[in-house]
Amino acid sequence: MKKVVKFGGSSLASAAQFEKVGAIIREDESRRYVVPSAPGKRFSEDTKVTDLLYACYRSVGDEEKFSKILAEIKSRYQEIIDGLRLSLSLEEDFALLEDNFKKQIGEEYAASRGEYLNGKIMAAYLGFAFVDPADMIRFDGNGQFDGEITEKLVAKRLDDLENAVVPGFYGAKEDGTIKTFSRGGSDITGSIVAGAIDADLYENWTDVSGFLVTDPRIIPNPKPIDTITYRELRELSYMGATVLHEDAIFPVRKAGIPINIRNTNAPEDPGTMIVEDTCKKPPYTITGIAGKKGFCSLYIEKSMMNSEIGFGRKVLQVLEEQGIAFEHIPSGIDTMSIYIHQDEFSQKEQQVIAGIHRIAHPDYMELETDLSLIAVVGRGMRSNRGTAARIFAALAHANVNVKMIDQGSSELNVIVGVKDEDFEPAIRAIYDIFVETQI
């Protein structure tokens, strides 16, 4: 059996955390491939190493500041090395890092060194081979991830290695230029490795015991999710659930490999299993609730819109020309509303409005700002009647006015639009009716 195990920054922030990770890996010999993140915060006021690396790189030119931050970064790693009683030296690595920083070879190179150096320590601590992802995780000349080439390179590189440490978060272009994924991208690296070697399981270890039904900052101690499908997770991740990077699903989903979200600080907890599909019946009609603030809606009205061929295309063409993506487009016979990220839209709002007037000739347009979108997601919604009615009843009881509702044909999720000020009350109301009272 082969398992890929990824550990997040909080799991590797100190020597004590490294020891917890070491015990987890040694407990199960099938945990053969390890993907570490850069050291995270040791305490709430601490700074993540990745942020220190960014700050150090940007301070080149201010020798005093540069030297001070670099010394702090070195100290963080040496503290871990000393705490683990290793004889490892990173002096040559830091000499090269300092030289490349001063040459300003790229911020993505700077950010990647957090994982690179932590990977060196992890490999020495476990006695595993160290494999630089820059040698096998490939991006094209435009900086786009090349999954097909990467899968072949990873499979070939790891084929004869019984155990290996592969730092997360980065790869390289064909010319060797370091390229990173977005923040949290070590999750993606773990998924890429698991898919390429045809692992039996991808364990993603973090500081929480899996996914929760909703945000614990809104609902105290929300119920855990035992099992969730890739499709459900995709919906929740997109709408703000942040335990796992949303793009980490794709490499393992293609191979049907399950993901297990586990807690480094509570390894006895089973966590959340993420699977392609399951016969397990969810304990509630819904699986999870997630949402985002900061949207606006552009309301467009025109008589006989429904019979005007190409009207929607014309409107969307204006958004495309301005480089603006939309989220949802609920519509009526003579009306349509377009939900857009407010901060993105506000910079080009007048160009968009003028462009729609010019090309589509609407009778009336109106903007509404400070809106939130909430996703109610669950495979159990398909077999339970009246889910939307229960959502509306809960929101009405909480005096929340619904601005928009959108449900896809999959019946997997319902999207509700509310004012930003009603965001938290709406989530509490939905959680209460589906989880607490289950009426």
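Only a predicted model underlies this, so the values are computations on that prediction, with no experimental measurement involved. Numbers given for residues are sequential positions, taken from 1 along each chain in its written order. Where totals are concerned, whole chains, interfaces and linings use all residues; where local detail is concerned, this predicted model gives features only for residues with pLDDT of at least 70, and gives and counts side-chain atom pairs only at 80 or more. Values shown for side chains rest on all heavy atoms present in the structure; no hydrogens or waters enter the calculation.

**Let's talk about the pattern of salt bridges**
Oppositely charged side chains can form a pair if their charged atoms are brought close together.
Phase 1: Should a side-chain nitrogen of Lys or Arg be within 4 Å of a carboxyl oxygen of Asp or Glu, the pair is scored as a salt bridge. One pass over the full model with this rule turns up 27 salt bridges.
Phase 2: Among the salt bridges present, the one from K254 reaches E151, with a minimum N-O distance of 3.0 Å. With K254 in helix α9 (residues 249–255) and E151 in helix α6 (residues 147–158), this pair connects stretches of sequence that are 103 residues apart.
Phase 3: Between K302 and E308 there is a salt bridge, with the nearest N and O atoms lying 2.9 Å from each other.
Phase 4: Given the relative accessible area of 13%, K302 is considered buried.
Phase 5: For the exposure calls, accessible area comes from a 1.4 Å probe over protein chains only, and a residue counts as buried if that area is under 20% of its type's maximum, exposed if over 50%, partly exposed in between. Taking relative accessible area as the criterion, E308 reaches 23% and is therefore assigned partly exposed.
Phase 6: Shared partners join several salt bridges into a network, and the residues in it are K3, E27, D28, R31, E203 and R262. Comment: elements are numbered from the N terminus, with helices defined as DSSP H or I runs of at least four residues and strands as E runs of at least two.

**As for the pairing of strand β16 (residues 413–419)**
Phase 1: Most of β16 is tucked away: six of the seven residues are buried.
Phase 2: Strand pairing requires that DSSP identify at least two bridges connecting the strands. Relative to β16, strand β14 (residues 364–377) runs antiparallel, the two being bridged by seven bridges. Each bridged residue has a counterpart across the sheet, and for A375 the counterpart in β16 is I415.
Phase 3: Pairing of strand β15 (residues 404–407) with β16 involves four bridges; the strand directions are antiparallel. Within the sheet, the bridge partner assigned to I405 lies in β16 and is V416.

**What about the side chain of T287?**
Phase 1: Among the secondary structure elements, T287 is positioned in the loop between β11 (272–275) and β12 (288–301).
Phase 2: Classification of T287 by relative accessible area gives buried; the value is 5%.
Phase 3: Polar side-chain contacts of T287 include one of 2.5 Å to the side chain of E232.
Phase 4: In this view, T287 contacts V213, I225, I228, E232, V377, G378 and R379; residues no more than four positions away in its chain are not counted. Any pair of nitrogen or oxygen atoms within 3.5 Å is treated as a polar contact; in protein, a donor-acceptor pairing is required on top of that, and neighbouring residues in sequence qualify only through side-chain atoms on both sides. In what follows, residue pairs with any heavy atoms lying within 4.5 Å of each other are defined as contacts.

**Some points on the sheet that holds strand β6 (residues 170–173)**
What links the strands of a sheet is backbone hydrogen bonding, and the strands pair in either a parallel or an antiparallel sense.
Phase 1: Here we have three strands laid out as an open sheet, ordered β4-β6-β7, and mixed in their pairing. Where the open sheet ends on each side, the last strands, each with one partner, are β4 (138–139) and β7 (178–180).
Phase 2: By the bridge criterion, three bridges tie β6 to β7 in an arrangement that is antiparallel. Its bridge partner being in β7, A172 is matched across the sheet by I178.

**Observations regarding the environment of G22**
Phase 1: Tracing the backbone shows G22 in helix α1 (residues 15–27).
Phase 2: The exposure class assigned to G22 is buried, which follows from its relative accessible area of 0%.
Phase 3: What G22 contacts, discounting residues up to four positions off in sequence, is Y125 and L126.

**Describing the packing of aromatic side chains**
Phase 1: The pairing test for Phe, Tyr and Trp rings, Trp by its six-membered ring, is centres within 6.5 Å, and the orientation test on the planes gives stacked under 30 degrees, edge-to-face over 60, and tilted for anything in between. Tallied over the full model, the rule gives ten aromatic pairs.
Phase 2: When the ring of F101 is compared with that of Y109, the centres are 6.3 Å apart and the planes differ by 80°; the resulting orientation is edge-to-face.
Phase 3: The structure contains a cluster of three or more aromatic residues connected by ring pairs, namely Y57, F101 and Y109.
Phase 4: Here the basic side chain of R26 rests over the ring of Y125, its NZ or CZ set 4.7 Å away from the ring centre.
Phase 5: Two limits define a charge over a ring: the Lys NZ or Arg CZ must be within 6 Å of the ring centre, and within 35 degrees of the ring normal. Note that R113 overlies the ring of Y170, its terminal NZ or CZ placed 5.3 Å from the centroid.

**Remarks on helix α10 (residues 311–321)**
Phase 1: Within α10 the residues assigned to the buried category are F311, K314, V315, V318 and L319. All buried residues of α10 lie within an arc of 140° about the axis, which places them on one face of the element. Across from the buried face of α10, at angles greater than 90 degrees, the exposed residues are R313, E320 and E321.
Phase 2: Close packing links the buried residues of α10 with β12, β13 (335–341) and α12 (349–360).
Phase 3: Positive backbone phi, at 70°, marks G323, one or two positions downstream of α10. The directions considered for the arc run from the helix axis to the C-beta atoms.

**Topic: the packing of α1 against helix α5 (residues 107–126)**
Phase 1: It is at 11 Å that the axes of α1 and α5 come closest, and there the two elements cross at 55°. Overall, the two elements α1 and α5 adopt an arrangement that is oblique. The handedness of the crossing between α1 and α5 comes out as right-handed. Residue-level inspection shows F18, E19, V21, G22, I25 and R26 of α1 in contact with α5, the latter providing N118, I121, M122, Y125 and L126.
Phase 2: The residue inventory of the contact of α1 with α5, partitioned by class, reads seven nonpolar, two polar and two charged. Note on method: axes are straight lines fitted to C-alpha atoms, helices fitted across the in-contact stretch only, with angles between N-to-C directions ranging 0 to 180 degrees. Orientation categories follow fixed angle ranges, with anything under 35 degrees roughly parallel, anything over 145 roughly antiparallel, 65 to 115 roughly perpendicular, and all other angles oblique. We call a crossing left-handed when the near helix sits turned anticlockwise from the far one by less than a right angle, and right-handed when that turn is clockwise. Polar here means any residue other than Ala, Val, Leu, Ile, Met, Phe, Trp, Tyr, Cys and Pro, which are nonpolar, and Asp, Glu, Lys and Arg, which are charged; Gly is therefore polar.

All quantities given are derived from atomic positions and should not be read as evidence of function.
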